[in-house]
Amino acid sequence: MEHWILFGTFAGLLLIGTPVAFCLGIASIATVMYIGLPPLVVFQRLNSGVSVYALMAIPFFIYAGELMVRGDIARRLVALAGALVGHLRGGLGQVNIVASCLFGGISGSAAADASAIGGLMVPQMKERGYGADYAVNITVVSSIIALMLPPSHNLIIYSIAGGGRISIADLFAAGIIPGMLLALSLMVTAWVVAKRRGYPVGTFPGLQMLGVIFVSALPGLVLIGIIFGGVRSGVFTASESSCIAVVYAIFITVLVYRSLSWQAFVAATLGAVRTTAMVLLVIGCAASFGWLMAYLQVPTAIVLFMQTVSDNPIIVLLLINIMLLFLGTFMDMSPLIVITTPIFLPVAMAFGIDPVHFGIIMILNLGIGLCTPPVGAVLFVGCAVGKVPIGTVLRTIWPFYGAAVATLMLVTYVPALSLWLPSLFR
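Reading the values: the criteria
Residues numbered from 1 in each chain as written. Predicted model: local features only at pLDDT ≥ 70, side-chain atom pairs only at ≥ 80, totals over all residues. Heavy atoms only, no water. Helix = DSSP H or I, 4+ residues; strand = E, 2+ residues; numbered from the N terminus. Rg over C-alpha atoms; globule rule 2.2 N^0.38 Å. Buried < 20%, exposed > 50% of the residue type's maximum accessible area, 1.4 Å probe, protein only. Contact = heavy atoms within 4.5 Å. Areas by Shrake-Rupley, 256 points an atom, 1.4 Å probe, with all protein chains shown as cover. 1 Å grid on protein atoms, 1.4 Å probe; cavity = no way out; pocket = protein on both sides within 12 Å on 5 of 7 lines; lining within 4 Å. Points joined across faces, edges and corners; volume = space filled by probe spheres on them. Nonpolar A, V, L, I, M, F, W, Y, C, P; charged D, E, K, R; others polar. Phe/Tyr/Trp six-rings, centres within 6.5 Å; stacked < 30°, edge-to-face > 60°. Lys NZ or Arg CZ within 6 Å of the ring centre and 35° of its normal. Expected span 1.5 Å × (residues − 1). Bend = angle between axes of the 7 residues up to and from the residue. Salt bridge = Lys/Arg side-chain N within 4 Å of Asp/Glu carboxyl O. Patch = residues over 30% accessible without salt bridge, like charges linked within 9 Å, V, L, I, M, F, W, Y side chains within 5 Å. Core = buried A, V, L, I, M, F, W, Y, C linked by side-chain atoms within 4.5 Å.

Moving on: the overall build of the protein. Across its full length, the protein carries 23 helices and zero strands. For 426 residues, the compact-globule estimate of 2.2 N^0.38 gives 22 Å, and the protein sits close to it at 21 Å. Over its C-alpha atoms, taken along the principal directions, the protein stretches across nearly 70 × 45 × 45 Å. Looking at the protein as a whole, 54% of its 426 residues are labelled buried. Long-range contacts, defined as pairs at least 24 residues apart, comprise 80% of the intrachain contacts of the protein with a sequence gap of at least 6. Of the roughly 17100 Å² of accessible surface on the protein, a fraction of 71% belongs to carbon and sulfur atoms.

Right, let's talk about the layout of surface pockets for a bit. Each pocket or cavity is described by its volume, and for the second largest pocket that value is around 340 Å³. Lining the second largest pocket are 17 residues, and of these Ala 161, Ala 287, Trp 291, Val 338 and Pro 342 lie nearest its centre. When contributions to the lining of the second largest pocket are tallied by element, the ones reaching two or more residues are helix H3 (40–50), helix H10 (153–161), helix H15 (262–295) and helix H18 (333–350). Of the residues belonging to the lining of the second largest pocket, the class tally is 13 nonpolar, three polar and one charged.

What follows concerns the packing of aromatic side chains. Under the criterion given, the structure shown has seven aromatic pairs. Between the aromatic rings of Tyr 130 and Tyr 134, the centroid separation amounts to 6.0 Å while the plane-to-plane angle is 15°, which identifies the pairing as stacked. Accessibility assignment for this pair places Tyr 130 and Tyr 134 in one class, buried. Ring pairs connect the aromatic residues Tyr 130, Tyr 134, Tyr 199 and Phe 400, which therefore count as one cluster. The residue whose ring lies beneath Arg 76 is Tyr 257, and the NZ or CZ to ring-centre distance is 3.8 Å.

Here we come to unusual backbone geometry. Here Arg 258, not a glycine, exhibits a phi torsion of approximately 55°, which is positive. Relative to the elements of secondary structure, Arg 258 occurs in the loop between helix H14 (238–256) and H15. The backbone phi angle of Lys 387 is positive, close to 55°, even though this residue is not glycine. In this structure, Lys 387 sits in the loop between helix H20 (377–386) and helix H21 (390–396).

So, about helix H13 (residues 207–233). The first and last C-alpha atoms of H13 sit only 33 Å apart over 27 residues, clearly below the 39 Å expected at 1.5 Å per residue. Along H13, the sharpest kink reaches roughly 55°, centred on Leu 218 and followed within four residues by the proline Pro 219. All of the buried residues along H13 are Leu 210, Ile 213, Ala 217, Pro 219, Gly 220, Leu 221, Leu 223, Ile 227, Phe 228, Gly 230, Val 231 and Arg 232.

Before going further, it helps to spend a moment on the pattern of salt bridges. On inspection of all chains with the given rule, the structure shows one salt bridge. The partner of Asp 133 in a salt bridge is Arg 197, with the nearest N and O atoms 3.0 Å apart. Linking Asp 133 in helix H8 (residues 132–142) with Arg 197 in helix H12 (residues 176–197), this pair joins segments that are 64 residues apart in sequence. According to the relative accessible area criterion, Asp 133 is buried, its value standing at 12%. Look at Arg 197 and you get partly exposed, because its relative accessible area is 34%.

Tracing the backbone shows Phe 344 in helix H18. Along the chain, Phe 344 and Ile 320 lie 24 residues apart, while their C-alpha atoms are 7.4 Å from each other.

A few words on a nonpolar patch on the surface. Residues Ile 314, Ile 315, Leu 318, Ile 322, Leu 410, Tyr 413 and Val 414 make up a contiguous nonpolar surface patch of roughly 560 Å² in combined accessible area. Put simply, the parts of the chain that give the nonpolar patch at least two residues each are helix H17 (313–328) and helix H22 (398–413). The leading source of residues in the nonpolar patch is H17, at four residues. Counting through the fold element by element, Tyr 413 comes out in helix H22. With a relative accessible area of 32%, Tyr 413 lands in the partly exposed category.

Turning our eyes to something else, we now look at the environment of Asn 154. Along the chain, Asn 154 falls in helix H10. Note: C-alpha distance between Asn 154 and Val 414 (260 residues apart in sequence) is 22 Å. Sequence-distant contacts of Asn 154, defined by excluding residues within four places in its chain, comprise Leu 147, Met 333, Ser 334, Ile 337 and Ile 363.

Time to look at the nonpolar core. Of all hydrophobic cores here, the largest spans 147 residues; its most connected members are Tyr 134, Phe 358 and Phe 400. Ranked by residues supplied to this core, first place goes to H15 with eleven residues. Those residues within four positions of Phe 358 in sequence are excluded, and the remaining contacts are Tyr 158, Ile 320, Phe 344, Leu 345, Ala 348 and Ile 353.

Here it is as structure tokens:
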């Protein structure tokens, strides 16, 4: 009965539109009261869930991303992407994808990527004759790339949800090749759709102009090297690198580019505070929910159920992917990571799947969920930026969904794509 109370209360509150954090917290309180535990346990678990040193990296990485968005970094990265791939078929679509790769390596946030890159690219694409749905399709799905690249705070959340024993440096390295593979598959899809619709081909600006644009964007690109190189080499931890990222972002935007006004600085600070508060509240409530699932032995029951279904890792991974894709259409990414990691990670490890590999599978899978209705946060951002109805976008976004799911299957069943770089750096 306690299982029905835990999951039934959560599902019922979610269906009537209650915020996810409150769904998790209320379901946890109702369950502990039913089984006779003091409600104080929920608040103790909430507090312990957010009192983790590694979580300090999340607010600072969010803050660094906000500063970059408002400090003219995104525009320079888009210009660099335009010089590199703007001459391909459907050039502005290709620029959108490459810019997502570059900006994702700075912000680590899909929503920030869709907002910043979409705000710059979608109006330009519409002005030059590209379909509004095509522009939004590319903006939405390519934003997933940011989730795979350092400094993705979702990879940090996964590491903590996995008990803190999974190396953040390994996860940062593991996401690079899958992220680039996703970018390549989306570029091919964008090229095919652009050719079918007859979209124009841009012009190459020349090596000299490319060099000038690269030098202009270089200070922003250096941040990627600072974050990844510092964490991977062990010079500083992920939490320390996040603080360095904020100091560096302020230095570049204020003293080098001179593009961050006082009003923009205040807006970036308030935006980071709001986002951090929402993320940490969800993580804390999800920690209570996850502890109750462990107390009620839900992960053990799932492992036993999976073993009765099949002892083939291929089938088990397919079932996990299907369940995560389904859940991702109804819940946001951060709470899903905290809730489902304690459930599915033991299952994956019981079948011999590396936890770093499984983390990349989960992040890519749930990233696709951010682009799907009814609760696709990034889909909503993209449609708002492009001023296009969601129904119009959904009619033509399927080739890009197909490219993302194909990449997910490839990453799932070829572990070397995720594990080769971590092993090389080690």
